[in-house]
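Spelled out from the first residue to the last, the chains are:
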Amino acid sequence: MRKLVIIAVVVVMAVSMGMGSAFAANDLQQGKMGISVGMGDSVFAHKTMPESNGFVNDVVDINGRYFVARDLAITGGFGLQLDGSDAKGTYISINGGVRKYLKVDDFAPFVGGQISLISNSVDSNNSITVIDLAAMFGAEYFFNKQFSLEGAIGAGLGTADVKVAGKSGTDTYIGTRTLGVRANFYF
């Protein structure tokens with residue numbers, strides 16, 4: 001399902017780029033704020049113990065950004081899921097960072113960095129806590145002044161404390177990954 005969504009987003013972006021900039025003309029400027037929703041951050045992809053079934057980040061994190069200059073934004077976000085009944089799990093994520101736009105046109109490439117704290121607890125015997133520092137490169141395409149789609153890739157460095165079936169371990173990692181596909185709304 002995720003692959004279908006990513007393919008659809010790429011097709012829409014490719015078709016829209018051919019329409020020209022008459023439809024978009026973004027409104028990035030100092031003092032603007034934006035909210036992002038998306039999926040695909042692969043922070044859990046490499047941080048599980050071999051005997052586990054793997055932890056998955058299927059929660060949609062909500063992120064915001066505030067422009068301190070036309071081409072520079074500070075970012076922050078969170079994700080939350082509380083499972084009840086028989087599932088009894090908890091997912092919490094908090095992140096913050098900075099993003100520098102290389103161009104502020106309709107197609108706006110950017111570089112940035114973020115630090116994340118993520119905790120995913122399935123039960124008292126299965127949990128993971130991650131502290132992650134990531135550098136990213138991506139781009140936004142603006143369909144109009146208040147709406148854009150973005151994609152980003154990057155590299156992460158961090159540590160994960162993993163507990164699976166009562167066995168504990170710590171993993172320090174460095175590696176490449178996707179940082180997701182997002183829809184952005186500006187106001």
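Note that the coordinates shown come from a computational prediction; the quantities given were computed from them, not determined experimentally.

**Considerations on the confidence of the model for the protein**
At step 1: Put simply, the protein has an average pLDDT of 81, and 76% of its residues get 70 or more.
At step 2: Per-residue pLDDT, averaged within each element of the protein, yields its smallest value for helix H1 (residues 2-17) (52) and its largest for strand E2 (residues 62-69) (95).
At step 3: Here residues 46-53 scores under 50 on pLDDT; set against residues more than four positions off or in separate chains, the count is 17 contacts.

**Some words on the packing of aromatic side chains**
Think of a pair of aromatic rings as described by two things: how far the centres are apart, and how the planes are tilted against each other in angle.
At step 1: Counted under the stated rule, the structure contains 7 aromatic pairs.
At step 2: Ring geometry for Tyr141 versus Phe143: centroids 5.2 Å apart, planes at 80°, classification edge-to-face.
At step 3: Within the aromatic cluster, the residues linked to one another by ring pairs are Phe67, Tyr101, Phe110, Phe142 and Tyr186.

**So, the pairing of strand E7 (residues 147-164)**
At step 1: In terms of strand pairing, strand E6 (residues 126-144) meets E7 through 17 bridges, oriented antiparallel. Paired with Ala139 across the bridge in E7 is Gly151.
At step 2: Hairpin connection between E6 and E7: a loop of 2 residues separates the two successive antiparallel strands.
At step 3: Pairing of E7 with strand E8 (residues 167-186) involves 18 bridges; the strand directions are antiparallel. Within E8, the position partnered with Gly154 by the bridge is Arg177.

**Side note on the side chain of Glu150**
At step 1: In this fold, Glu150 is placed in strand E7.
At step 2: Each residue touching Glu150, except ones within four places of it in the same chain, is listed here: Arg65, Arg99, Phe110, Ala139, Glu140, Gly180, Val181, Arg182 and Asn184.

**Topic: the pattern of salt bridges**
At step 1: Taken as a whole and assessed by the stated rule, the structure comprises 7 salt bridges.
At step 2: For Arg99, the salt bridge is made with Glu140, and the minimal N-O distance between the two is 3.3 Å. Here Arg99, found in strand E4 (residues 90-101), pairs with Glu140, found in strand E6; they are 41 residues apart in sequence, far enough to count as distant.
At step 3: Classification of Glu140 as buried rests on a relative accessible area of 0%.

**Some remarks on the nonpolar core**
At step 1: Core analysis: the largest hydrophobic core is formed by 12 residues, namely Leu28, Phe67, Ala73, Tyr101, Val104, Ala108, Phe110, Met136, Phe142, Ala152, Leu179 and Tyr186.
At step 2: The set of elements that each furnish at least two residues to this core consists of strand E5 (107-123), E6 and E8.
At step 3: Formed by 10 residues, the second largest nonpolar core is a distinct cluster that contains Val59, Ile118, Val164 and Tyr173.

Cut-offs used in this document
- Residue numbers restart at each chain and count upward from 1, following the sequence in its written direction.
- Per-residue local features are limited, in this predicted model, to residues with pLDDT of at least 70; the limit for side-chain atom pairs, both in listing and counting, is 80 or more; totals at the level of whole chains, interfaces and linings are taken over all residues.
- Excluded from the side-chain calculations are hydrogens and water; all other atoms, namely the structure's heavy atoms, are used.
- Each residue carries a pLDDT score, the predictor's own confidence in it, on a scale running from 0 to 100.
- The secondary structure listing takes helices from DSSP runs of H or I that are at least 4 residues long and strands from runs of E that are at least 2 residues long, numbered from the N terminus.
- Any pair of residues with heavy atoms lying within 4.5 Å of one another is described as a contacting pair.
- Side-chain rings of Phe, Tyr and Trp (the six-membered ring for Trp) are treated as a pair once their centres are within 6.5 Å; stacked means planes under 30 degrees apart, edge-to-face means over 60, and tilted covers the remaining angles.
- Here, strands pair whenever DSSP counts at least two bridges between them.
- Here a salt bridge means any side-chain nitrogen of Lys or Arg lying within 4 Å of a carboxyl oxygen belonging to Asp or Glu.
- Type-normalised accessible area, obtained with a 1.4 Å probe on protein chains alone, sets the label of each residue: buried when under 20%, exposed when over 50%, and partly exposed for intermediate values.
- By convention a nonpolar core is built from buried Ala, Val, Leu, Ile, Met, Phe, Trp, Tyr and Cys residues, the set being connected through side-chain atoms within 4.5 Å.

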